[in-house]
Amino acid sequence: MKSDRPFTLVDAAKLGLYGGISAILISLVGMTAAFAKTAIIADLLTMAQVLIYGLAFMVGFVVVGRAARGSRGLALPAGALASAVTMLSLSLLALLIGAVNLRTIFTNATAELANLILPGETSGLAGALLLTGAGAAVGLVAWLLTFVPTRIRNGLFGGIAAVVLFGLMQDVLVPILPKSVDDFLFESKGLTWVGAVVVFVLFFILSYLYAMRSQVRISRLDKLPPQQRQIARFAFTLVALIILTLLPRILGPFLSEVANQVGFYIIMALGLNVVVGFAGMLDLGYVAFYAIGAYTMAVLTTPELPIMREILPQLTFWEALPFAVGAALLAGILLGIPVLKTRGDYLAIITLGFGEIIRLLVLSDALKPFLGGAQGITGVGRPKIDDFTATNPQQFYYLILVAIVVAWFITSRLKSSRLGRSWMAIREDEDVAAAMSINLVGYKLLAFATGATLAGLSGALFASKLGSMVPASFNVLVSINVLAVLIVGGMGSLPGAVVGAIVLIGLPELLREFNEFRWWVYGAVLVFMMLNKPEGLWPEATRVRELHEAEAEHTHVDDDASPTAPATA
Amino acid sequence: MALLEIQNLHVYYGQIHALKGIDLHVDQGEIVTLIGGNGAGKTTTLRAISGLLRTPEESKIKLQNEELTRLRAHHVVERGVIHVPEGRRVFARMSVQENLTMGAYARADRSGMDGDLDFIFQLFPRLKERRAQLAGTLSGGEQQMLAMGRALMGNPKVLLLDEPSMGLAPVLVEAIFDTIELLNKQRGTTILLVEQNALMALQIASRGYVIETGHIVLSGDARALSTDPRVREAYLGG
């Protein structure tokens, strides 16, 4: 939509129709019906309403912005029209459900859905008209918002987002917060309306202050002399570590469990980041090394599997850990040697195959006496120091935290080393890297082995934490997930790996309501990210520079054909 | 004695016999050019010399009588044979300065490196102006300069230049060739230059070889070649 053609009401209606199609889709896959049961504010607002009216609002807001670029007079009618069209499409669906039986194709197209879509107690044509009118009103609100200063608008959005999040995460928040706060904020289902107002005002102020302060603070930190900046950074790290140490106490068992799950993915993402982000080798079978670490840990520490116990002594967790990590490292090198002569797509396919081979091996009946087959292995050893054995998620948290710190330290040191720069050169152009005297095979192998080692570490901890495991935990989706974590966080960036894991692994666990539609949302988030923020949430400095400098410089590339006379010295 | 000597060089791409026994030599301080049409085997020759391609037993590539034939690419660079690949392949996501630093990857002497960096910035003042800029955002001519500068950072005994004129405006081609000549005169850098632009190449070279479908068909003094009727007809447009 970057053409010079002026924005017309037809364009507005078209965008409104896109919104309508999305709303119909959301309803037909069953999201509307499922979320109608999720109260955000008790007896007042459900998640389904947030979804539908939010969609209409977004359409209106986008259209108002585009129309206003042409003429300000067009903005209001265009916005109102677009939002109304969105709602009209949805009410047509409701009417259609009333008239025709769609259930043979769309199982979710029930009369109940039609009732949910149409507001209040209305039905039929009157309801459809009312909903369309509500759409126009939403468009009007979107138009009004353009006159509000940006900072206040961000505050409003922040407040609303906080209310929705609080409502969605009621089950998670209630056990953490003190009882008196709970009673004040929440009813049995949803926020009390007083609670909603309090949350809204609180977060309105917070986001308002944040918008005001964020720029000031960054420039101040930059202005500090290097020594003080180092102190500031050290203090920041210290505070972060203290918070991280206290976290399981604050979070309680359920959230600690989620944090552990995120932790496993952070370790894997840091490892895969070396392979894909630093050295540019697309590895789709990364789960194999995770499985090898997990299975080595399980096989060496379990009291079951009598055949294995005859061959090998039963080890404790600590004794088995180096073997588990070592096995993954060895597997990384063994797979690396034949595979590294291939590039790009071919490498991706070979590693994909390797991942499946490992999964099928541990699943196979032939190896059942050694690896447990489809039933998996139980009784995996737990970490034990003196008389203390880590069993619950809150205790495991610390072990995982230490592993993350180690993984972070290793990969961050590697990144800024000579080795890291060699990987970067290989990622950019293998031939030229070779022409710069970089040993391609050796360095690619090192990247592969480093990645495999960290996956093995993550797998070993995973097996021990679970206490038992089945081959199904090691399907190809794990590889894809880790890759998605890197893409969303920012390829090649260490903080990106952490942020990506929190967003893609942690959030879905917290937003249990979405669980049924997890992959649906997941796909939508990935598409959105790739279109709007291809460099990731917390990108590497180079990537930002590349994407933004390239845009800025693009105008003059290749047009400066002025002769560059060699200097005469 | 020849600095770089190639005897009976064969290269196979699967079933295709791309080089059918090339013999050529480059003496210390010379610019030698290898000219020929599309698909004649020019680039293949350079890739074989720098170790990016495998060659069969009977082929011999020697630098100062030391055998390079079986060495892998990164070892060849360490011996001082540095390849500037076709199409200006700079590390697009690194800055100009970082690209140049990558060129010195195989070196240990820091002092010599700083001197070379000064020399390169003197040779290509444009690179100095743009040292903090990402290489991918440079113009075509600047990228070619960067690719050459990067190779010079490795302190080459022999510089292998693959089609430095490719895709550049005529006025830039002239500037690049002037620089190549200057480099050879000032530093005595030995250069093996592969070019389609035969006329320009023969003007700055002392000797030349003409390659056709994997064979050397003509060789000799550059001036003599540029007036040779067969060369004129085939490569210089009559």
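Residues numbered from 1 in each chain as written. Chains lettered and ligands numbered in written order. Predicted model: local features only at pLDDT ≥ 70, side-chain atom pairs only at ≥ 80, totals over all residues.

### What to know about the pairing of strand E7 (residues 158–162) of chain B
All names here are of chain B. With 5 of 5 residues buried, E7 lies mostly within the body of the structure. In this sheet, E7 lies alongside strand E6 (residues 81–84) in parallel orientation, the contact comprising 4 bridges. Paired with His-83 across the bridge in E7 is Leu-160. Both E7 and strand E8 (residues 190–195) contribute to a ladder of 5 bridges, which runs parallel. Counterpart to Leu-159 in the pairing with E8 is Ile-191. Crossover E7 to E8 through helix H7 (residues 170–187) is right-handed. (Buried ≥ 20, exposed ≤ 12 C-beta atoms within 10 Å, placed from the backbone. Helix = DSSP H or I, 4+ residues; strand = E, 2+ residues; numbered from the N terminus. Pairing = 2+ DSSP bridges. Right-handed = clockwise from strand over helix to strand, strands pointing away.)

### So, the sheet that holds E7 of chain B
What holds strands together in a sheet is hydrogen bonding between their backbones, with the strands either parallel or antiparallel. Residue and element names in this part refer to chain B. If you walk across this open sheet you meet the 6 strands as E6-E7-E8-E3-E9-E10, and the pairing is mixed. Looking at strand neighbours, the two that pair on one side only are E6 and strand E10 (215–221), the edges of this open sheet. Geometrically, the sheet is characterised by an average inter-axis angle of 15° between neighbouring strands, direction not taken into account. With 5 bridges joining them, strand E3 (residues 31–35) and E8 adopt parallel strand pairing. Across the sheet, Leu-34 pairs through a bridge with Val-194, a residue of E8. (Axes fitted to C-alpha atoms, helices over the stretch in contact; angles between N-to-C directions.)

### Some remarks on the domain arrangement of chain B
Residue and element names in this part refer to chain B. According to the domain assignment, chain B consists of domain 1 (1–80 + 160–238) and domain 2 (89–155). A separation of 23 Å is found between the C-alpha centroids of domain 1 and domain 2. Contacts between the two partners involve 9 residues from domain 1 and, on the opposite side, 7 residues from domain 2. Looking at the side of domain 1 that touches domain 2 element by element, the count peaks at 4 residues for H7. (Domains from an automatic or database assignment. Contact = placed C-beta atoms within 7 Å.)

### Describing the sheet that holds strand E4 (residues 60–63) of chain B
Spatial ordering of the open sheet is given by E2-E1-E4-E5 (chain B), a layout of 4 strands whose pairing is antiparallel. Sheet topology places strand E2 (16–27) and strand E5 (66–67) of chain B at the edges, where each strand pairs with a single neighbour.

### Notes on the domain arrangement of chain A
All names here are of chain A. You can read the domains of chain A as domain 1 (1–147), domain 2 (151–221) and domain 3 (232–544). Relative to domain 3, the C-alpha centre of domain 1 lies at a distance of 42 Å. Domain 1 puts 6 residues into the contact, and the matching count from domain 3 is 4 residues. Among the elements that take part in the side of domain 1 that touches domain 3, helix H2 (residues 31–36) stands out by supplying 3 residues, more than any other. Of the residues that constitute the side of domain 1 that touches domain 3, the class distribution is 5 nonpolar, 1 polar and no charged. (Nonpolar A, V, L, I, M, F, W, Y, C, P; charged D, E, K, R; others polar.)

### Notes on the confidence of the model for chain B
Interpretation of this model should avoid reading the predicted coordinates in detail wherever pLDDT is low. Of all residues in chain B, 98% have pLDDT values of 70 or greater, and the mean over the chain is 89. Scoring of the predicted complex yields 0.80 for pTM and 0.76 for ipTM. (pLDDT = per-residue confidence, 0-100.)

### Overview of the environment of Val-197 of chain A
All names here are of chain A. Residue position: Val-197 is located in helix H10 (residues 193–223). Classification of Val-197 as partly exposed rests on a count of 14 C-beta atoms within 10 Å. Remark: the alpha-carbon pair of Val-197 and Leu-185, spanning 12 residues in sequence, is separated by 9.5 Å.

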